[in-house]
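Remarks on the overall topology
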Amino acid sequence: MSTPIFQISDLRKHYGRGQSRFDALKGVSFDIHGGESVAIVGKSGSGKSTLMHLLALLDAPDSGSIALDGVDTATLRGGTLNKTRNKTFGFVFQQFFLTGNDSVLENVILPLKIAGVGRTERKRRGMAALEQLELADKARSKALNLSGGQKQRVVIARALVNNPRILFADEPTGNLDTATGAVVEDILFTLNREHGITLVVVTHDEELAARCDRRIVIRDGLIVDETTKDAA
Ligand SMILES: Nc1ncnc2c1ncn2[C@@H]1O[C@H](COP(=O)(O)OP(=O)(O)O)[C@@H](O)[C@H]1O
Ligand SMILES: [Mg+2]
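Residues numbered from 1 in each chain as written. Chains lettered and ligands numbered in written order. Predicted model: local features only at pLDDT ≥ 70, side-chain atom pairs only at ≥ 80, totals over all residues.

If you look the protein chain up in an unreviewed UniProt entry, it shows as ABC transporter ATP-binding protein from Microbacterium schleiferi.

See below:
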């Protein structure tokens, strides 16, 4: 089998110190292969978001290692780290993190601005992403004037604008009603199946987890169960 995208070994992470020390991850190991959809499930406070932040290279573990395409990510520094993150990952979080007073297009092209992509190319790629999410007609609207489902689609468009290989979604349907959540889920799985984007979803929604190829359950900072869906 090919080198896994992620090789995660014995990750540990704590917050606070002394009396208020909290061990959020206590030694977590697993691999993720390209094109997989993986659900990380567990109760609130079990360490899911902590794990996702480490995988997304937004935070560093106390110990343990994360290899991305066989490269130990601890060796990545400053500009290289930012570039790798920006080029490889897309983010879809429960809180939309949109700038309400900016237009939908401006929100979507933000990662391209950060990456130093020129204005014309930014607009072209931003509009292409919005078209993919059927939001082209909203490009000039202020983000704050959209519905919850539309906002989450804008977030997905923004996550896709860099053509990421890996999409991280943390409770992507957490703030949406059931019907709208289902639409957003379908978009995520279409991206996974038809575009081969590796999907890592943090959720406490077992139905969403059941749609993924693999389900990893964490409890109190440890993996307590792992199931793989039979190839259909
Ligand atoms: N920045 C932080 N400072 C202190 N404690 C934190 C911080 N982030 C998370 N925690 C604690 O670590 C535990 C795991 O948090 P988190 O990974 O967000 O869990 P989950 O996403 O599964 O709800 C929780 O008990 C939480 O209170
Ligand atoms: Mg969380």
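In this section: the packing of helix 5 (residues 148-160) against helix 6 (residues 178-195). For the pair helix 5 and helix 6, the least separation of the axes is 9 Å and the interaxial angle reads 15°. As summarised for this structure, helix 5 and helix 6 are arranged roughly parallel, according to the angle between their axes. Note that helix 5 runs across helix 6; the crossing there is right-handed. Facing Gly148, Gly149, Gln152 and Ile156 of helix 5, the residues of helix 6 in contact are Thr180, Val183, Val184 and Ile187. Its residues placed into classes, the contact of helix 5 with helix 6 shows 4 nonpolar, 4 polar and no charged. (Axes fitted to C-alpha atoms, helices over the stretch in contact; angles between N-to-C directions. Helix = DSSP H or I, 4+ residues; strand = E, 2+ residues; numbered from the N terminus. Parallel < 35°, antiparallel > 145°, perpendicular 65-115°, else oblique. Left-handed = near helix turned anticlockwise from the far one by under 90°. Contact = placed C-beta atoms within 7 Å. Nonpolar A, V, L, I, M, F, W, Y, C, P; charged D, E, K, R; others polar.)

This part covers the site of ligand 1. If you check the shell around ligand 1, you find Tyr15, Gly16, Phe22, Ala24, Gly42, Ser44, Gly45, Ser46, Gly47, Lys48, Ser49 and Thr50 and nothing else. Among the elements of the structure, strand 2 (22-32) and helix 1 (48-55) are those that each provide at least two residues to the shell around ligand 1. Broken down by element, the residue count for the shell around ligand 1 peaks at 3 residues, all from helix 1. Across the shell around ligand 1, the residue classes tally to 3 nonpolar, 8 polar and 1 charged. (Near = placed C-beta within 6 Å.)

In this structure, Ala39, Ile40, Val108, Val154, Ala157, Leu167 and Val200 are the most contacted members of the largest nonpolar core, which totals 59 residues. Sort the elements by how many residues they give to this core and helix 5 lands first, with 6 residues. Leu167 has contacts with Gly90, Val92, Ala159, Leu191, Ile197 and Leu199, leaving out every residue within four places of it along the chain. (Core = buried A, V, L, I, M, F, W, Y, C linked by C-beta atoms within 7 Å. Buried ≥ 20, exposed ≤ 12 C-beta atoms within 10 Å, placed from the backbone.)

Bringing helix 4 (residues 119-132) into the picture now. Under the 1.5 Å per step criterion, the end-to-end length of helix 4 is 20 Å for 14 residues, consistent within 8% with the ideal 20 Å. Residues of helix 4 that are buried include every one of Arg122, Gly126, Ala129 and Leu130, and no others. One face of helix 4 carries all of its buried residues, which in axial projection span an arc of 100°. The exposed residues of helix 4 that point more than 90 degrees off its buried face are Thr120 and Glu121. (Expected span 1.5 Å × (residues − 1). Arc of directions from axis to C-beta.)

Moving on: helix 3 (residues 104-114). Here helix 3 has its buried residues at Val104, Leu105, Asn107, Val108, Ile109, Pro111 and Leu112. Residues of helix 3 that are buried sit in contact with helix 2 (78-88), helix 4 and helix 5. Gly116 sits one or two residues past helix 3 and shows a positive phi near 80°.

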